[in-house]
Structures are given as C-alpha cells and as structure tokens.
Amino acid sequence: MILEEIMKTDVITLTEDTPIKDAMLLLDKYRIRHIPIVQGPEKKVVGIISDRDIRDASPSIFHSTEHLEDFLKPVSSIMQRNVITAHPLDFVEEVSTIFYENNIGCLPVVTDNDELRGIITETDILHTLVELMGAHQPSSHIEVKVLNQTGMLASIASIFKEMHINITSVLVYPYKNPEYKILVFRVQTMDPRRIIKAIEQAGYEVIWPKQPGMNI
C-alpha cells in the first residue's frame, strides 16, 4: 500500500505571513495538530507549525494577559523549517519507519518539486497498519516457530488451506536463535484449537497461544 491511497488530500495550509493567532484558531476549529506552511500558487512546503509550537510560544497561565502582541507575529517566527516529507508513491511500511525514527506526528506528502499533495499523520499510519494486519476483524493470532529456511511459510500455509481456514495476514520476524524464525498468522476463526492441533501434528512448534486448555 502506498501513501497516495490513504493520505488526506484536503489539507489546511497557511502562508509564512499568517499571524500566529490565526493558526491557533484553525488548529482549534478543525481539531488538528499540524498545519503545513506553503509558498506560491503551487503550494511548495517551506515549513510546518504544530499545536506544540503554539503552546511553546504562548505565555504561561500566570501571565496570560502579557505579551499578547506576540500572537500578531507571523507563523514564520515559530514554524519548523527543516520539514521531513514523504512522496505519494512511498510505501506505508517505509513511512512508518520515518515516524518511528524521527518521533514526529505528521508528514506533508509532496511531489519531487516539493509541491503539497496531501498529509499523513501517525494516527493514519496506525489505523492502516491495523487494517493490513487484519487485527480489526474477528480473528485468532497464531505464532509458529520454524527453521529459518526456504519453504516454511508455504508448508504452514498449506495446513490452513487443507482445513479451509482463511489467512488474514502473515508476519515474519527473527527468533533469538538465528537458525529459526517466527511465522505470525492472523486467521479467520475464533477457535484456533483445531488448527493448532493440526500444525503440531505436522511437527511444528506453536509458541502462541500457550494457555491452559490450548495444549491439546
């Protein structure tokens, strides 16, 4: 899945000379946390302002009536200029890494010429990953420890096929011993005991779920 499929395209923007007070009103009115700052009719991204930037620029509650003229300053005085951006054709999993590594809350989505095309937030990424993993649907989570060699995924998947159980999603992650790996299946059944028994009878180790009554 690419960003073009999930990004918001109706983006609220401001220009560098917009007063800070106007940015505050927009953030509150639309209940958003970030506003890209653009330049020219092509809307080239030159900065971004967040609710955190506004809070940092606001006076303390103990001095709320002081320096009110600061809110008439342009957003260019407090905006973040080194904006991390994404491209509409970037993959969702790659962009999620950018969010993780940079601890940011949103990414403007721009063309190769820095023209704004949309925006993506950490909430959008989280919702998309949940959907990709199938965790939002009634299902069961099964983890199988297998040798780290070719064909293991196909072998386990064939067991699900034989039992007419649909696989919603599959993840693969390394085991502490590099000779093995863990296959994580989310499958469309609320009672996984029958398929767990079949997997174990085929000689594989199911490491989750391991609960009372599950070791058949």
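Only a predicted model underlies this, so the values are computations on that prediction, with no experimental measurement involved.

### Considering the pairing of strand S2 (residues 34-39)
Of all 6 residues in S2, 5 are buried; the element is thus mostly enclosed. Across 2 bridges, strand S1 (residues 14-15) lies against S2 in parallel orientation. From the neighbouring strand, Thr 15 faces S2, where its bridge partner is Val 38. Of the strand pairs in this sheet, S2 and strand S3 (residues 44-50) are connected by 6 bridges, and their pairing is antiparallel.

### Here we look at the pattern of salt bridges
As enumerated under the stated definition, the model contains 9 salt bridges in all. When the shortest N-O distance is used, the salt bridge between Arg 33 and Asp 51 registers 3.9 Å. Of the two residues, Arg 33 sits in the loop between helix H1 (20-30) and S2 while Asp 51 sits in helix H2 (residues 51-57), which places them 18 residues apart along the sequence. As a salt-bridge pair, Asp 191 and Arg 193 come within 2.9 Å of each other at their nearest N and O atoms. Arg 193 gets classed as partly exposed once you look at its relative accessible area, which sits at 40%. One salt-bridge network, in which partners are shared between bridges, spans Arg 33, Asp 51, Arg 55 and Glu 122.

### Quick notes on the environment of Lys 8
Structurally, Lys 8 can be placed in the segment before S1. For Lys 8, a relative accessible area of 41% puts it in the partly exposed group. C-alpha of Lys 8 to C-alpha of Pro 108: the two residues are 100 residues apart in sequence and 9.7 Å apart in space. In this structure, Lys 8 is in contact with Arg 117, Gly 118, Ile 119 and Asp 124, ignoring residues within four places of it in sequence. Side chain to side chain, Lys 8 and Asp 124 meet in a polar contact 2.6 Å long.

### Some details on the packing of aromatic side chains
Applying the stated criterion across every chain yields a total of 2 aromatic pairs. Between Phe 160 and Phe 185, the aromatic rings sit 4.9 Å apart at their centres with planes inclined by 45°, giving tilted as the arrangement. Separated by 25 residues along the polypeptide, Phe 160 in helix H5 (residues 152-162) and Phe 185 in strand S8 (residues 180-187) bring together distant segments of the chain. The same class applies to Phe 160 as to Phe 185, namely buried. Ring centres of Tyr 175 and Tyr 180 lie 6.2 Å apart, and the angle between their planes is 80°; on these two criteria the pair is classed as edge-to-face.

### A short note on the nonpolar core
By size, the foremost hydrophobic cluster in this structure holds 17 residues, and its most contacted members are Ile 142, Val 144, Ile 156, Phe 160, Phe 185, Ile 195 and Ile 199. Sequence-distant contacts of Ile 142, that is, excluding residues within four places in its chain, are made with Phe 160, Leu 183, Val 184, Phe 185, Val 187, Pro 192, Ile 195, Ile 196, Ile 199, Val 206, Trp 208 and Pro 209. Core analysis: the second largest hydrophobic core is formed by 12 residues, Ile 20, Leu 27, Ile 54 and Val 75 among them.

### Remarks on H1
The set of residues buried in H1 consists of Ile 20, Ala 23 and Leu 27. The arc enclosing the buried residues of H1, seen along the axis, measures out at 55°, which places them on a common side. With respect to the buried face of H1, the exposed residues turned more than 90 degrees away are Leu 25, Asp 28 and Lys 29. Buried residues along H1 sit against S1, S2, S3 and H2. Count one or two residues on from H1 and you reach Arg 31, which has phi positive near 55°.

### Regarding the confidence of the model for the protein chain
Chain-level statistics for the protein chain give a pLDDT mean of 89 and a share of 92% at 70 or above. When the elements of the protein chain are averaged for pLDDT, helix H4 (residues 122-133) gives the smallest value, 85, and S1 the largest, 97.

The rules behind these values
- Residues numbered from 1 in each chain as written.
- Predicted model: local features only at pLDDT ≥ 70, side-chain atom pairs only at ≥ 80, totals over all residues.
- Heavy atoms only, no water.
- Buried < 20%, exposed > 50% of the residue type's maximum accessible area, 1.4 Å probe, protein only.
- Helix = DSSP H or I, 4+ residues; strand = E, 2+ residues; numbered from the N terminus.
- Pairing = 2+ DSSP bridges.
- Salt bridge = Lys/Arg side-chain N within 4 Å of Asp/Glu carboxyl O.
- Contact = heavy atoms within 4.5 Å.
- Polar contact = N/O pair within 3.5 Å; in protein donor to acceptor, adjacent residues only side chain to side chain.
- Phe/Tyr/Trp six-rings, centres within 6.5 Å; stacked < 30°, edge-to-face > 60°.
- Core = buried A, V, L, I, M, F, W, Y, C linked by side-chain atoms within 4.5 Å.
- Arc of directions from axis to C-beta.
- pLDDT = per-residue confidence, 0-100.

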